[in-house]
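Observations on chain architecture
So the chains spell out like this:
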Amino acid sequence: MSCLNGQRGTIQEQRDRWERKRSRTAKELVKTEQFYCEQLKLVTTYFVEILKAKGTLRQDIRENIFSSIKAIHSINQSLLVHLENGYFGRGFDQFCPHLQHYSTYVDNIYNASKVLGIQLKKNKAFRRFKKLQESRPEFNDHKLEDLLQLPVQRIDQYMHFLQDLTANTCPDNPEFEQLSRAVTAVSDVSQRIQNNTRRHENHLQLCRVQKLLKGRSTKVLAAGRWYIREGWLKMVPPKGKEAKPKMFFLFSDMLLQAKRCSPLHPTNGDKFTGQHMFPLQDCTVEKVFGHTKSKGGLLSLTFPKAKLLLMSSNQEDLNDWYQSLNSAIRKLQSKETVVHQRAEPRQRALHSAADSHNTPSSSSSSSNPGRKRNMETSEDAQRAHMPPVQWEGSAPKRMKQSDAPEQSGAEASTSGCVIL
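So, here is what we can say about the structure in this document. None of these values were measured; they are calculated from a predicted model.

What counts, and at which threshold
- Residues numbered from 1 in each chain as written.
- Predicted model: local features only at pLDDT ≥ 70, side-chain atom pairs only at ≥ 80, totals over all residues.
- Heavy atoms only, no water.
- Helix = DSSP H or I, 4+ residues; strand = E, 2+ residues; numbered from the N terminus.
- Buried < 20%, exposed > 50% of the residue type's maximum accessible area, 1.4 Å probe, protein only.
- Areas by Shrake-Rupley, 256 points an atom, 1.4 Å probe, with all protein chains shown as cover.
- Phe/Tyr/Trp six-rings, centres within 6.5 Å; stacked < 30°, edge-to-face > 60°.
- Patch = residues over 30% accessible without salt bridge, like charges linked within 9 Å, V, L, I, M, F, W, Y side chains within 5 Å.
- Salt bridge = Lys/Arg side-chain N within 4 Å of Asp/Glu carboxyl O.
- Lys, Arg positive; Asp, Glu negative; His and termini not counted.
- Charge placed at Lys NZ, Arg CZ, Asp CG, Glu CD.
- Contact = heavy atoms within 4.5 Å.
- Pairing = 2+ DSSP bridges.
- Expected span 1.5 Å × (residues − 1).
- Bend = angle between axes of the 7 residues up to and from the residue.
- Core = buried A, V, L, I, M, F, W, Y, C linked by side-chain atoms within 4.5 Å.
- Axes fitted to C-alpha atoms, helices over the stretch in contact; angles between N-to-C directions.
- Parallel < 35°, antiparallel > 145°, perpendicular 65-115°, else oblique.
- Left-handed = near helix turned anticlockwise from the far one by under 90°.
- Nonpolar A, V, L, I, M, F, W, Y, C, P; charged D, E, K, R; others polar.

**Comments concerning the overall build of the protein**
Each helix and strand counted, the protein has twelve helices and eight strands in total. Out of the 420 residues in the protein, the part that is buried amounts to 39%. Working note: accessible area of the protein is about 24800 Å², and carbon and sulfur atoms make up 52% of it.

Structure follows, in structure tokens:
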């Protein structure tokens, strides 16, 4: 009997601890939600509505800057009513189906910052209006730029609150399932924000590298391309000449070799000239030496039409290059394997359809599309094994952007290349 009483006491103590933690989290959630709704009201009242009435900004510019913030304010007001009454599960259950407004907003946040910056530079009336509104005591010295970031930051806060509430809610409580569904829904938007941030940072890196390169012959900006790393490596020539340092930029689909422009050049003294672009899809990399803790090492990169020997006196840097190259090659090759596997069933279906409609009188005409597809496939294979593009000499070759490997939006957002 005493044993049973002890078990009941332990279970009750656990439930009491859950309830205390849940109560603290709930109070903090309500308090921060009230402040969040007040901040959203400032933006919708003193900017969105007044700008619409005054006509200071065109409608398309207003939509680019403020996106779906008015709809977000509306759904969060409804959520706040439920939270203040203690209906956390029900509140988020009705809130989550409207999270597409948050998805729209976070997808546009970088464009909004860009458009806002342009208007502040070019539109004197808007610049004066913004300064006047921000000077109101209600804003408490908050800037519009900071207020526009609040919905993005709030999603991350919701994740922490919902996880804490779910962890401290008894599984047999009716709210447990509702809160669990809310965690999943908000997590999807949180992941979307992280993917958008990675894509934006990658785009900034690609633009930075593009600006480092002299002229427009070397095209770095391409769909689905991810920046990985850069650095100086010594290139060992094939005939025993002195190894010369070259700048290398590693991307998810290719390795770019460049040399520094003359420091005496009046405008390009701090830039580089692109020399070779080596595609990674058929590349193999191995350490010639540098396996031990000795100083430096040598990497061998083999391409279909070229071979590179790259040397570094820094052992750690060499290992980083080796791992980065291997990782990029593996991911690129595995992606191509998946694409080929998806294409095979479709090709079989096309061939079987052509065979079923094949007749002696029309056999030659019906085989032409298949023959054309085969020709295109062989051309693509030949293009993949072409030698690296060169920029040395007076007549540089341009790499067409269409020659770069392309990705769909979904594939680009889930690329495994990490910005280092």
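That covers the picture; the talk isn't over yet.
**Considerations on the packing of aromatic side chains**
This structure, assessed with the given rule, holds twelve aromatic pairs. Relative to Phe-272, the ring of Trp-232 has its centre 5.8 Å away and its plane inclined at 50°; by these criteria the two rings are tilted. Of this pair, Trp-232 sits in strand β1 (residues 227–235) while Phe-272 sits in strand β4 (residues 272–279); the two residues are 40 residues apart in sequence, bridging distant segments of the chain. Ring pairing ties together the aromatic residues Tyr-46, Phe-47, Phe-66, Phe-129 and Phe-139, which thus form one cluster.

**With respect to a positive patch on the surface**
Among the surface-exposed residues, Lys-214, Lys-239, Lys-241, Lys-244 and Lys-259 lie close enough to one another that they form a single positively charged patch. Note on placement: Lys-239 falls in the loop between β1 and β2 (244–251). With a relative accessible area of 73%, Lys-239 lands in the exposed category.

**Describing the side chain of Arg-22**
By secondary structure assignment, the location of Arg-22 is in helix α1 (residues 2–54). Beyond its immediate chain neighbours, meaning those up to four positions away, Arg-22 contacts Phe-88, Leu-165, Asn-168, Thr-169, Glu-175 and Leu-179.

**Side note on the pairing of strand β3 (residues 254–260)**
Two faces, one strand: in a regular strand the side chains alternate between the faces of the sheet. Where burial is concerned, most of β3 is hidden: five out of the seven residues are buried. Relative to β3, β2 runs antiparallel, the two sharing four bridges. Paired with Phe-248 across the bridge in β3 is Gln-257. What sits between the antiparallel neighbours β2 and β3 is a turn of two residues. Where β3 and β4 come together, seven bridges link them in antiparallel fashion. Its bridge partner lying in β4, Leu-255 is registered against Phe-278.

**A short note on helix α5 (residues 100–122)**
Between its first and last C-alpha atoms α5 spans 32 Å; for 23 residues at 1.5 Å apiece the expected length is 33 Å, and the two agree. When the local axis directions of α5 are compared, the greatest deviation, roughly 50°, occurs at Ile-109.

**A few points about the nonpolar core**
Judged by nonpolar contacts, the single largest core of 52 residues is most densely connected at Phe-66, Phe-92, Phe-95, Tyr-102, Leu-148 and Tyr-158. At eleven residues, α1 tops the list of elements feeding residues into this core. In this view, Phe-92 contacts Leu-29, Leu-79, Leu-83, Tyr-158, Leu-162 and Ala-182; residues no more than four positions away in its chain are not counted. In terms of nonpolar packing, the next biggest core, distinct from the first, is built from 20 residues, Ile-228, Phe-278, Phe-303 and Trp-321 among them.

**Some words on unusual backbone geometry**
Here Ser-67, not a glycine, exhibits a phi torsion of approximately 45°, which is positive. Topologically, Ser-67 is positioned in the loop between α2 (59–66) and α3 (69–84). Phi angles above zero are rare outside glycine, and Asn-140 is one such case at about 50°. Here Asn-140 is to be found in the loop between α6 (124–134) and α7 (144–148).

**Some details on helix α8 (residues 150–167)**
The end-to-end C-alpha distance of α8, which contains 18 residues, comes to 26 Å, matching closely the 26 Å that a straight helix rising 1.5 Å per residue would cover. For α8, every residue scored as buried is listed here: Leu-150, Pro-151, Val-152, Arg-154, Ile-155, Tyr-158, Met-159, Phe-161, Leu-162, Leu-165 and Thr-166.

**Observations concerning the packing of α5 against α8**
Where α5 meets α8, the closest approach of the two axes is 9 Å, and the angle between their N-to-C directions is 125°. Put simply, α5 runs oblique to α8. By crossing handedness, the relation of α5 to α8 is classed as left-handed. Between α5 and α8, the residues in contact are Tyr-102, Tyr-105, Val-106 and Ile-109 and Pro-151, Val-152, Ile-155 and Tyr-158, respectively. By residue class, the composition of the contact of α5 with α8 is eight nonpolar, no polar and no charged.

**A look at the environment of Leu-162**
One can find Leu-162 in helix α8. A relative accessible area of 0% places Leu-162 in the buried class. In this view, Leu-162 contacts Phe-92, Leu-179, Ala-182, Val-183 and Val-186; residues no more than four positions away in its chain are not counted.

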